[in-house]
Amino acid sequence: MGRKADLRDRLTTVRERTRWLLDRVPDEFLRRRVHDFYSPIGWHFGHVGRTEEYWVVGEALKRPLLDDELSFLFADLVENPKDNRVNIPDRAGIIEYLERTRRRVLDALDECELECEDPYLADGYAWEFAIQHECQHQETIAEMLQLIHKQLPSAVIEAVPWQTDLRSEMVDIPGGTFCMGTDDRHVYDNEKEPHEVSVASFRIGRTPVTAFEWTQFMDDGGYRRPELWSEAGWAWRDAEQAEAPEYWVRQGDAWAYIGPFGARSIHPDEPASSLSWFEAEAYARWAGKRLPTEEEWEYVASHGQIDPAEACHGLASWGPTPVGRRRPNPLGLHDLSGNVWEWTSTPFLTYPGFAAFPYDGYSKDHMKGAHRVCRGGSWATAAPILRRTFRNWYVPTYRQGFLGVRLAE
Ligand code: AVJ
Ligand code: FE
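Residues numbered from 1 in each chain as written. Chains lettered and ligands numbered in written order. Predicted model: local features only at pLDDT ≥ 70, side-chain atom pairs only at ≥ 80, totals over all residues. Heavy atoms only, no water.

- In the nomenclature of an unreviewed UniProt entry, the protein chain corresponds to Serine/threonine kinase from the organism Fimbriimonas ginsengisoli Gsoil 348.

What follows is the structure, encoded as structure tokens:
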């Protein structure tokens, strides 16, 4: 398949999933803010259309956008604060806007020569950016559907027996030197430039921490013992009155999870998720271990190839799947890719040779040390952004994502 046909094909596949998600948003939530962190959920849908038109038609082709008012309303700009974003059109208007912007993006693809030097056009950079950007917002939309389901009545669900033979295990990793990051044209700016990194010998969990293990932490008073928490972590726990991971609901001896598509029973072997960085840190202290660094994470992930077909990803299930059941990498580690994002101890900062592209607001503005990096992708992450070098980042109080933890020592 030619490059243009490949882009057209993948743009269409990604959009089908966006529309599938839109069908799962109740009308009454479309234009409402449900949480401080987030814009109204409907904004995210229009925003993917606005973003692709902006980069392809506006920046690459240097042409005016089709609708100034909607281009503004769906933009992530300080002049358009989240409270203003409730003024977006209704469902039919959002769908129409998505269709009109997509038409222009595809027409531009037909028209352009991709074998050129222009940084936006060469090998279809702007279209590829649009695909990956849409995937990221799909995951945010899935996160927001959880917040919505928390406010809806949930069906009665059958409890899964709360017992397991799975035991956590640490794997010895001999130190070494590897190439961190990449110079692939289509990755985000924060994944560049490739550079050599040395890692000392360490140990890392064969799998992420499981839900069953998390309940052992809770049963041992994990959420009530300040000595397990950093000062900032305890202040957060206290303010939040956190007693369990976000979206966990007790169900007799077992637990249920309010997910993006409704409540479901938690399997004891699934990775613990919706954890803030502070919770992950407290758990590690309780276990007598620590979080891996970002370098350690990418080092272990650089052994073998990441194959999306082998990973739990892309909303193919209703939540994460039990750990340790998929093919391990050559070091014997399971679930590095997909299932849940894994918090690292590392602040989100630049690599040597970093240059912001295509705009400061994607990465650079967030590289001030306030965010921690998480790696690997989740069950809600789409294949186009499932890769070894992909860096995601959140503030340490963020517990709304599909975020888990793998221990190191
Ligand atoms: C990397 C998930 C934190 O959602 O703010 C989407 C991704 N950047 N549009 C975010 C992003 C611009 C970003 N995160
Ligand atoms: Fe965005």
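Additional details are given in the paragraphs that follow.
Some remarks on the side chain of Thr210
- Among the secondary structure elements, Thr210 is positioned in the loop between β4 (202–205) and α6 (211–219).
- Overall, Thr210 belongs to the buried group, its relative accessible area being 4%.
- Here Thr210 is in contact with Leu166, Pro268, Asp269, Glu270, Pro271, Ala272 and Val323, once residues within four sequence places are set aside. (Helix = DSSP H or I, 4+ residues; strand = E, 2+ residues; numbered from the N terminus. Buried < 20%, exposed > 50% of the residue type's maximum accessible area, 1.4 Å probe, protein only. Contact = heavy atoms within 4.5 Å.)

Topic: the site of ligand 1
- All residues adjacent to ligand 1 are His133, Gln136, His137, Tyr359, Tyr362, Asn392, Trp393 and Tyr394.
- Within the contact set of ligand 1, a nitrogen atom lies 3.2 Å away from a side-chain nitrogen or oxygen of His133.
- Between His137 and ligand 1, the recorded distance is 3.0 Å, taken from a side-chain N or O atom to a nitrogen atom.
- More than half of the atoms of ligand 1 fall within 2 Å of the grid points belonging to the largest pocket.
- Listing elements by their share of the shell around ligand 1, those giving two or more residues are α5 (125–150) and β10 (392–394).
- Residue composition of the shell around ligand 1, grouped by class: four nonpolar, four polar and no charged.
- Residue assignment places the shell around ligand 1 across two domains, with domain 1 (3–150) and domain 2 (170–404) each supplying three or more. (Near = heavy atom within 4 Å. Polar contact = N/O pair within 3.5 Å; in protein donor to acceptor, adjacent residues only side chain to side chain. 1 Å grid on protein atoms, 1.4 Å probe; cavity = no way out; pocket = protein on both sides within 12 Å on 5 of 7 lines; lining within 4 Å. Sits in = over half its atoms within 2 Å of the grid points. Nonpolar A, V, L, I, M, F, W, Y, C, P; charged D, E, K, R; others polar. Domains from an automatic or database assignment.)

Here we look at the packing of α6 against helix α8 (residues 277–286)
- For the pair α6 and α8, the least separation of the axes is 11 Å and the interaxial angle reads 80°. By the angle between their axes, α6 is roughly perpendicular relative to α8. Residues Glu213, Trp214, Gln216 and Phe217 of α6 pack against Glu279, Ala280, Ala282, Tyr283 and Trp286 of α8.
- Per-class residue counts for the contact of α6 with α8 are six nonpolar, one polar and two charged. (Axes fitted to C-alpha atoms, helices over the stretch in contact; angles between N-to-C directions. Parallel < 35°, antiparallel > 145°, perpendicular 65-115°, else oblique.)

Here's the deal with the UniProt feature "domain: Sulfatase-modifying factor enzyme-like" (unreviewed entry) in the protein chain
- Here, UniProt's "domain: Sulfatase-modifying factor enzyme-like" (unreviewed entry) annotation points to residues 168–305 and 315–408.
- Taken as a whole, residues 168–305 contains 27% helix and 23% strand, while its terminal C-alpha atoms sit 24 Å from one another.
- Between the end C-alpha atoms of residues 315–408 the distance is 28 Å, and the span holds 0% helix and 17% strand. (UniProt positions renumbered as here; feature names shortened; annotations may be inferred.)

Describing the sheet that holds β10
- The four strands are arranged β10-β9-β8-β11 in an open sheet whose pairing can be described as mixed. Of all the strands in the sheet, the pair left with one neighbour each is β10 and β11 (403–404).
- In this sheet, strand β9 (residues 372–375) lies alongside strand β8 (residues 341–347) in antiparallel orientation, the contact comprising three bridges. Within the sheet, the bridge partner assigned to Trp343 lies in β9 and is Cys374.
- Docked against the sheet, helix α9 (residues 294–301) engages β8 and β9, running at close to 135° with respect to β8. (Pairing = 2+ DSSP bridges.)

Some points on the nonpolar core
- Membership of the largest hydrophobic core comes to 102 residues, with the highest contact counts inside it found for Ile41, Phe45, Trp127, Trp214, Phe217 and Trp248.
- The greatest single-element share of this core, amounting to twelve residues, is contributed by α5.
- By size, the runner-up hydrophobic cluster in this structure holds 15 residues, among which are Phe178, Val197, Phe202 and Tyr299. (Core = buried A, V, L, I, M, F, W, Y, C linked by side-chain atoms within 4.5 Å.)

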